[in-house]
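Now for the letters of each chain:
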Amino acid sequence: MQKFYSCRYDRTFKEVFLNPKNEDLLKALLEDILKVKIEIKKILPTELIVGNNIIKSKRVDALILATNKKIEIEINASINEYVYIRNMAYICNVYSTNALVGDSYNQNIDIIQINLTWGLDYEESKREFRISDKNGNVYVKNLLIMEINMEYYKKIWYSKDEKKIKENELLVMLDLNEGELKKMPKSDKISEKYIESVTIVNNDPFFQEYMSHEEDQRKMQNSLIREAEDSGYKKGKEQEKIDIAKSLIQSGMSLEDVSKHTKIDISKLKKMSF
């Protein structure tokens, strides 16, 4: 039996919501989160324009140009300190790129990062962050980071409260499996289209092959990480630590993650030859 991949996986999210045929789904999701009407102008390329080797060639999960808004979306299947640092680097890049467009600086376009995040341990449905001082004075008015607590919506599903599920159905459905989607209360056209779209994606053999490969890569990386933790490299086995770092990089892991797991400075990782 093949695995069903919900939109907790960034690849599934992109296949469903960045499909040009599903712009109405993306619009509905954004409006549900932002609580304002959205007119999507363009789905932008997701590769960051950077000179920083740490995040070179990294891609955000989604980047949307709307009326007076540029919206970045990140899918965070789990949470740790590194996720916050990475996502801050991404939204700062989006902000600076936008500031360089034209011949003057302005705050007429809202730059928004939406983080769909699992693994959070607070009760609110979301948290909003701006750059401000201790008295609440905002440094720039057009930068907003929203952290959507996906655990909150999982609890709504498990509550079996049909009214609440209906009110939050699109966010609730993002992490439902095939069997759970069939149990959804009678829905509108948007939710029906979501269920159809995510099912079609999961039935695509090329998608399944891609996801299987990604999971194999993650398992290999996890094995290497466990090997690093069990090998005693913290006691000074420098060469063993370097060999593990090289294997992780060759497996496709980012320099940020390799540095985090092996405790080797990124500057040193950049100088390694393969």
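These figures come from a predicted structure and were not determined experimentally.

With that settled, consider the overall build of the protein chain. Broken down by element type, the protein chain carries 12 helices and 6 strands. Among the 274 residues that make up the protein chain, the fraction classed as buried is 45%. Considering only contacts within the protein chain whose residues lie at least 6 apart along the sequence, 59% involve residues at least 24 apart. Accessible surface for the protein chain amounts to roughly 15800 Å². Of this, 50% is attributable to carbon and sulfur atoms.

Spatially, the 6 strands line up as an open sheet ordered β1-β2-β3-β4-β6-β5, and their pairing is mixed. Looking at strand neighbours, the two that pair on one side only are β1 (40-43) and β5 (126-129), the edges of this open sheet. Neighbour-to-neighbour, the strand axes of the sheet open up by a mean angle of 20°, direction not taken into account. Note that strand β2 (residues 62-66) and strand β3 (residues 69-76) share 5 bridges and pair antiparallel. Residue Leu 63 lies in a different strand from β3, and its bridge partner there is Glu 72. Of the strands in this sheet, β2, β3, β4 (110-117) and β6 (143-149) touch helix α3 (residues 81-99), which is tilted by about 160° from β3.

Next up on the list: helix α4 (residues 150-159). Of the residues making up α4, those classed as buried are Met 150, Glu 151, Tyr 153, Ile 156 and Trp 157. Buried residues belonging to α4 abut β4, β6, α5 (162-167), α6 (169-173) and α7 (178-182).

Residue position: Leu 269 is located in helix α12 (residues 266-270). Non-local contacts of Leu 269, meaning those with residues more than four positions away in its chain, are made with Ala 245, Ile 249, Leu 255, Val 258, Ser 259 and Ile 264.

A few words now on helix α11 (residues 255-262). For α11, the buried fraction is high: 6 of the 8 residues fall into the buried class. The set of residues buried in α11 consists of Leu 255, Glu 256, Asp 257, Val 258, Ser 259 and Thr 262. Downstream of α11 by one or two residues, Lys 263 has phi in the positive range, about 65°.

Judged by how many residues are buried, β4 sits mostly within the fold: 7 of 8 residues are covered. Pairing of β3 with β4 involves 8 bridges; the strand directions are parallel. What sits directly across from Glu 74, in β4, is Asn 115. As defined by bridge partners, β4 adjoins β6 across 7 bridges and the pair is classed as parallel. Looking at β6, one finds that Ile 112 is bridged to Leu 144.

Once that is clear, we can look at the environment of His 261. Relative to the elements of secondary structure, His 261 occurs in helix α11. A sequence separation of 16 residues divides His 261 from Ala 245, and the C-alpha atoms of the two residues are 8.6 Å apart.

Taken together, the side chains of Met 88, Ile 131 and Tyr 139 make up a nonpolar region of the molecular surface, amounting to roughly 330 Å² of accessible area. With respect to the secondary-structure elements, Met 88 resides in helix α3.

Let us now look at the pairing of β3. Counted residue by residue, β3 has 8 buried out of 8 residues, so it is predominantly covered. Judged by which residues are buried, β3 turns out to be covered on both faces: Lys 69, Ile 71, Ile 73 and Ile 75 on one side and Lys 70, Glu 72, Glu 74 and Asn 76 on the other are all buried. Remark: 2 residues form the turn of the hairpin made by β2 and β3, two consecutive strands paired antiparallel; Asn 68 in that turn has positive phi of roughly 60°.

Turning our eyes to something else, we now look at unusual backbone geometry. The backbone of Lys 35 sits at a positive phi, close to 60°, despite the residue not being glycine. With a relative accessible area of 58%, Lys 35 lands in the exposed category. One non-glycine residue, Asn 68, lies in the positive phi region at around 60°. Among the secondary structure elements, Asn 68 is positioned in the loop between β2 and β3.

Definitions and limits used
Residues numbered from 1 in each chain as written. Predicted model: local features only at pLDDT ≥ 70, side-chain atom pairs only at ≥ 80, totals over all residues. Heavy atoms only, no water. Helix = DSSP H or I, 4+ residues; strand = E, 2+ residues; numbered from the N terminus. Buried < 20%, exposed > 50% of the residue type's maximum accessible area, 1.4 Å probe, protein only. Contact = heavy atoms within 4.5 Å. Areas by Shrake-Rupley, 256 points an atom, 1.4 Å probe, with all protein chains shown as cover. Pairing = 2+ DSSP bridges. Axes fitted to C-alpha atoms, helices over the stretch in contact; angles between N-to-C directions. Patch = residues over 30% accessible without salt bridge, like charges linked within 9 Å, V, L, I, M, F, W, Y side chains within 5 Å. Salt bridge = Lys/Arg side-chain N within 4 Å of Asp/Glu carboxyl O.

Geometric values such as these leave the question of function open.
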